[in-house]
Amino acid sequence: MEMKHASLEIVVPLGPVDAIPLGQGCTYVVDGCPIAVFRQRDGQLFATKNACPHRGGPLADGIIGGGKVICPLHGRQFDLKTGASVDGDYAVQTYPVRVEGGEIILTLA
Amino acid sequence: MDGRTRLVVIGNGMAGTKVVQEILSRDRERFHVVMFGSEPYGNYDRTLLSDVLTGSKDAKQIFLNSLDWYRDHNITLHAGMPATAIDRDNKIVRGGGIEESYDTLIIATGSRALVPPVKALEKIGVFVFRTLDDCQTIEAYARGCRRAAVMGGGLLGLEAARGLLSLGLQVTVVEMMPWLMAQQLDAEGGALLQRSMEQMGVQTLLGKTVTRALGGKRLTGLEFQDGTTLDTDMVVMSCGIRPNAELAERFGLAVDRGIVVNDRMQTSDPDIYAVGECAQHRGKLYGLVAPLYDQARVLAEHLTGVLSNGGYQGSRSITKLKVMGIQLVSMGDTIPSDPQDEVVSYVEPSRGVYKKMIIRNNRLAGATLLGETDTAGVLTQMFLLNAELPDRRADLLFGTSTGAPILSVFDLPDHAQICHCHGVTKGQIKEAIEFGKCRSVSQIGASTRAGTSCGGCKKLLEQFLEVYAGEVALDPAEHWYVPSLPMTRPELVAAIKAKGIKSVSALFRELNGGREEPSHKAALASLLKTIWAGEYEDERDARFINDRVHANIQKDGTFSVVPRIYGGVTSPAELRRIADVAERYQVPAIKLTGGQRIALAGVRKEQLPHVWKDLGMASGHAYTKAVRSCKTCVGSLFCRFGLGDSIALGIKIEKRFHGIETPHKMKLAAVGCPRNCAESTVKDLGAVAIEGGWQVYVGGGAGTRVRAADLLCTVKTHEEVLTYMGRFIQYYREHGKYMERAYGLVERVGIDELRELLVKDVEGIGARLDAEIERAVEARTDPWAEADAPVYPAQFGGPVLVELKR
Ligand SMILES: Cc1cc2nc3c(=O)[nH]c(=O)nc-3n(C[C@H](O)[C@H](O)[C@H](O)COP(=O)(O)OP(=O)(O)OC[C@H]3O[C@@H](n4cnc5c(N)ncnc54)[C@H](O)[C@@H]3O)c2cc1C
Ligand code: SF4
Ligand code: FES
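About the thresholds
Residues numbered from 1 in each chain as written. Chains lettered and ligands numbered in written order. Predicted model: local features only at pLDDT ≥ 70, side-chain atom pairs only at ≥ 80, totals over all residues. Heavy atoms only, no water. Helix = DSSP H or I, 4+ residues; strand = E, 2+ residues; numbered from the N terminus. Buried < 20%, exposed > 50% of the residue type's maximum accessible area, 1.4 Å probe, protein only. Contact = heavy atoms within 4.5 Å. Areas by Shrake-Rupley, 256 points an atom, 1.4 Å probe, with all protein chains shown as cover. Pairing = 2+ DSSP bridges. Axes fitted to C-alpha atoms, helices over the stretch in contact; angles between N-to-C directions. Near = heavy atom within 4 Å. Polar contact = N/O pair within 3.5 Å; in protein donor to acceptor, adjacent residues only side chain to side chain. Nonpolar A, V, L, I, M, F, W, Y, C, P; charged D, E, K, R; others polar. Left-handed = near helix turned anticlockwise from the far one by under 90°. Buried area = accessible area lost by both parts, 1.4 Å probe. Salt bridge = Lys/Arg side-chain N within 4 Å of Asp/Glu carboxyl O. Patch = residues over 30% accessible without salt bridge, like charges linked within 9 Å, V, L, I, M, F, W, Y side chains within 5 Å. Lys, Arg positive; Asp, Glu negative; His and termini not counted.

A. Fine view of the overall build of chain A. Helix and strand counts for chain A stand at zero helices and ten strands. Taken from the N to the C terminus, the helices and strands of chain A come in the order β-β-β-β-β-β-β-β-β-β. Scored against the burial criterion, the 109 residues of chain A give a buried share of 55%. Long-range contacts, defined here as pairs at least 24 residues apart, represent 38% of the contacts in chain A between residues at least 6 apart. For chain A, the computed accessible surface area is about 4500 Å², with 52% contributed by carbon and sulfur atoms.

B. Local environment of the sheet that holds strand β1 (residues 5–10) of chain B. Residue and element names in this part refer to chain B. Overall, parallel pairing links the five strands, which are arranged β5-β2-β1-β9-β21 in an open sheet. Strands at the two margins of the open sheet, each flanked by one partner only, are β5 (76–79) and β21 (272–274). Each neighbouring strand pair of the sheet contributes to a mean axis angle of 15°, computed without reference to strand direction. Two strands pair when backbone bridges link them, and strand β2 (residues 31–37) and β5 are joined in this way by four bridges, in the parallel orientation. From the neighbouring strand, G37 faces β5, where its bridge partner is A79. Helix α1 (residues 14–26) rests against β1, β2 and β9 (104–107) of the sheet, and its axis sits at about 165° to β2.

C. Seen up close, the site of ligand 1. All names here are of chain B. Neighbouring ligand 1 are 29 residues, the closest being A15, E39, E277, V289 and K322. A15 places a main-chain nitrogen or oxygen 2.7 Å from an oxygen atom of ligand 1. In this structure, an oxygen atom belonging to ligand 1 sits 3.5 Å away from a main-chain N or O atom of A108. Elements represented by at least two residues in the shell around ligand 1 include exactly α1, β2, α5 (155–166) and α8 (289–303). Of the residues belonging to the shell around ligand 1, the class tally is 13 nonpolar, ten polar and six charged.

D. Layout of the packing of helix α14 (residues 489–499) of chain B against helix α16 (residues 518–532) of chain B. Residues and elements named next belong to chain B. Two elements in contact, α14 and α16, have axes separated by 11 Å at closest approach and are oriented at 65°. Classified by chirality, the crossing of α16 by α14 is right-handed. Here R489, L492, V493, I496 and K497 of α14 lie close against α16, whose contacting residues are L524, L527, L528, I531 and W532. Class assignment of the residues belonging to the contact of α14 with α16 gives a composition of eight nonpolar, no polar and two charged.

E. Highlighting the pairing of strand β2 (residues 24–30) of chain A. Taken across its seven residues, β2(A) has seven buried, putting it largely inside the fold. Here β2(A) shows a buried face lined by Q24(A), C26(A), Y28(A) and V30(A) and a second buried face lined by G25(A), T27(A) and V29(A). Here β2(A) runs beside strand β3 (residues 33–39) of chain A; their pairing, made up of seven bridges, is antiparallel. Note that in β3(A) the partner of G25(A) across the bridge is F38(A). What sits between the antiparallel neighbours β2(A) and β3(A) is a turn of two residues, in which D31(A) has the positive phi angle 50°. Of the strand pairs in this sheet, β2(A) and strand β42 (residues 800–802) of chain B are connected by three bridges, and their pairing is parallel. Paired with Y28(A) across the strands is V800(B), a residue of β42(B).

F. A look at the sheet that holds strand β1 (residues 10–16) of chain A. Residues and elements named next belong to chain A. The sheet built from three strands is open, its strands ordered β1-β10-β9 with antiparallel pairing. Both outer strands of the open sheet, β1 and β9 (97–100), are each paired with one neighbouring strand and no more. Ignoring which end each strand starts from, the neighbouring axes of this sheet average 30° apart. Pairing between β1 and strand β10 (residues 103–108): six bridges, direction antiparallel. Paired with V12 across the strands is L106, a residue of β10.

G. Region of the structure containing the interface of chain B and chain A. Each partner contributes residues to the interface: chain B has 37 residues there, and chain A has 39 residues. When chain B packs against chain A, the two sides together hide about 3100 Å² of surface, and 56% of this comes from carbon and sulfur. Area buried by chain B at its contact with chain A is led by F410(B), V802(B) and L804(B), which between them contribute 20% of it. Remark: the boundary between chain B and chain A carries four salt bridges. R41(A) is the salt-bridge partner of D541(B), the closest N and O atoms lying 2.7 Å from each other. At the boundary of chain B and chain A, one finds eleven residue pairs in polar contact (both at pLDDT 80 or more). Residue assignment for the side of chain B that touches chain A shows that the elements contributing at least two residues are α16, α17 (545–549) and β42 of chain B. Residues that form the side of chain B that touches chain A fall into these classes: 17 nonpolar, six polar and 14 charged.

H. Up close: a nonpolar patch on the surface. Residues V634(B), L637(B) and F638(B) make up a contiguous nonpolar surface patch of about 340 Å² in total accessible area. When you line up the elements, V634(B) lands in the loop between β35 (627–632) and α20 (635–638).

I. Seen up close, the side chain of D541(B). Mapped onto the elements of the fold, D541(B) is located in the loop between α16 and α17. Sequence-distant contacts of D541(B), defined by excluding residues within four places in its chain, comprise L22(A), G23(A), Q24(A), R41(A), I63(A), K521(B) and R548(B).

J. How the structure looks around the side chain of R39(A). All names here are of chain A. In this fold, R39 is placed in strand β3. In this structure, R39 is buried with no salt-bridge partner, the nearest side chain bearing the opposite charge being D18 at 4.4 Å. Among the polar contacts listed, one links the side chain of R39 to the backbone oxygen of I20, at a separation of 2.7 Å. Setting aside residues no more than four positions away along its own chain, R39 makes contact with V17, D18, I20, P21, L22, G23, Q24, Q44, L45 and I64.

Structure, rendered in structure tokens:
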């Protein structure tokens, strides 16, 4: 792992982006914290905590598209950019994530 | 005496009983309760009297609290005993020779029908409509009559008219005002309502004042102010109500039009309270249930010492007409009163639809929905909460084009009242769902009474179920296949075929400008698969997780595995293998399912392929929207009643159709005789053996809704059962909406039509349906084969562990 700008950001490489099937999500347990990384069909990546704020549903197993994820347990929808739920007062934690040279780079604050 | 405070209530109608209930639910011990009721019954739902009159409900069905209830709660009820005196100095209520002393007195005497000054009215054949007894006398007298008139074209008058109509009479409604329901409707709405009533067979005479009753002892007609007359054998008066405030007035309480009360429902005597239609609060009288329940709650809070929100603030009233075949909801203002008011309206005369909103400062000052009341629940909430309205006014009248709720039920506060008839709040409904495990509108009704009177809140209750019962329910706009694509199923199918679209991503690209909508992926995948069968290009991201890993996701993210056991018949070897696998993988729970199979629950995703391989059995579809298992009884093989071999048939059915994808899950059963031990008649598809053959039942269900199946046909052989079941399944595949259970289709299309199409084959589609289902059977593969060859590497991948090196 590498430190950037001497800030408190922690940058974590998660391995090749191809490991995530197109249009789906995968779970990475980073230092004990389960994080869902999604790879949208248009190539965009998103990362959220892998626990739905409603009842802890595994969001990585949800259906995604159009910048949204649907929780597989009770169908609540979240905006992948902001984490805000589309139809309620919930919000899920999101994390910056990008691809560099075919590898997923996650940033934890 | 036991030292408890003595609470006496005069009147055991809707308001009086409600206060007592509310008090008991807060503090069971504080009061010794005594009630006087002039009616000889317990307490019933007065609003349902019109149903009793039409015969759609039996008197027994409208009781809210039987006499036993009073006994069980240690309430002394003097039923059939009007209170006749209040001795305020000695704090005693008297009636029928009984004396009851009180510390606190509540008057809830309601009101009575207003009788207008009509000459010679004291005749046989003149009725008011207020109590259960009225209902019964009207009904009895109507038997000897041909024509009836109703005086008064308000809410009650119209309900009475409908009731009389269903007793087989010619009915005329006479109204003084130039249109019907003048309190709740403007002229235009009134005119449309009049047309609907007339189409139903009720005549109307508007702008007519009755001045004299004609006939001798018995009524034979009515005479109007303009000298004209109407022949009629009976008349029901429904010209408004008068509070029963005489008793209070006679014993010195302040009475204006009703008994005057303050925000605590206290009369001019601090130990005496009044609630309900007899009370006048801030100059207003209320004649509907919802406000009375508000009052009852406030009073109960006050008397038990926990008054919140500073007391009763008055209510905004909402009226719903309960006339079969006419939908009408009205709230607040009917005409604009301020030049700044925004008026939004829509009229469709041919269907009798009229919708109108009066908007003041971006809030709802009033609304009328006639003929189509889909958005009534939402409007009601916006009206009651005085909420800011969304920009798209049209959504408020027609619903959103995406099918998304206009007002998320999430956003309502827990104290928001949802059922106005019974005063049930969102909090109570949530509890009923989450703790009471209610899973259907009727269960919520049984547990909270919500939705059991006028039914106006049922749509909202459905939304609560979807949200809080944890059912992943999509809500496609009524006629579109999916809400984001404005196309009906046939239109969509045509476009898909014309453009040769074979995958979900291609569909978004071609038909939706490249915009993906995740909530529609699964529905579109199902459609594409039905259209193209083997040619369908399967993209796994369009599948629900269950269908990606072929097991059912559980609340903790693990999965349950259900090996296929055809017809529910297994062997020692199979049982042993299942037991071994369960032990080997330390499966936390083994459960016999409701469908006679064995579930291994709590399996982690990455264990799935190993579990399946070791089981060496086919996948039991306890997950996909597909044909699932076929339950069986022991039938003629062992049972002494068995008329047919239900085990053999059940196995054949399951072997043939299992796993075939359908718009929603399909549950099946086969039983050996009409005793129906495996419950064929509450399955989507069922077979019942009878002497000499089999009956095929379709469209039953015992899930969120309970529905008894309809008989599709009666045949002789197992093979014929398979043929008609196959036809039905294929027809459902082609015509069911996504997530519509088979019973939904049966109700929508109608069993008669289905018999014509599938059994009589009037349109000659039978052979094609038979061929299509055969094709689907042949194209089927066992999904568990993917254990050996995952479709993509991460298919059964568990979480990837990442260590932070510091
Ligand atoms: C046919 C019909 C349909 C209706 N439909 C609707 C509807 O759809 N929606 C709606 O919101 N409202 C409806 N209403 C109105 C609703 O029923 C009333 O608002 C409600 O019942 C009033 O409650 P209450 O307790 O004040 O009076 P009531 O329910 O009338 O109860 C008062 C009770 O007190 C008794 N009483 C009177 N004087 C004495 C005395 N001296 N001693 C002892 N007992 C006494 C009366 O006999 C009566 O039983 C309808 C009413 C009728 C008649
Ligand atoms: S349904 Fe009839 S045949 Fe089957 S077990 Fe019951 S009684 Fe026996
Ligand atoms: S846990 Fe995500 S919607 Fe319930």
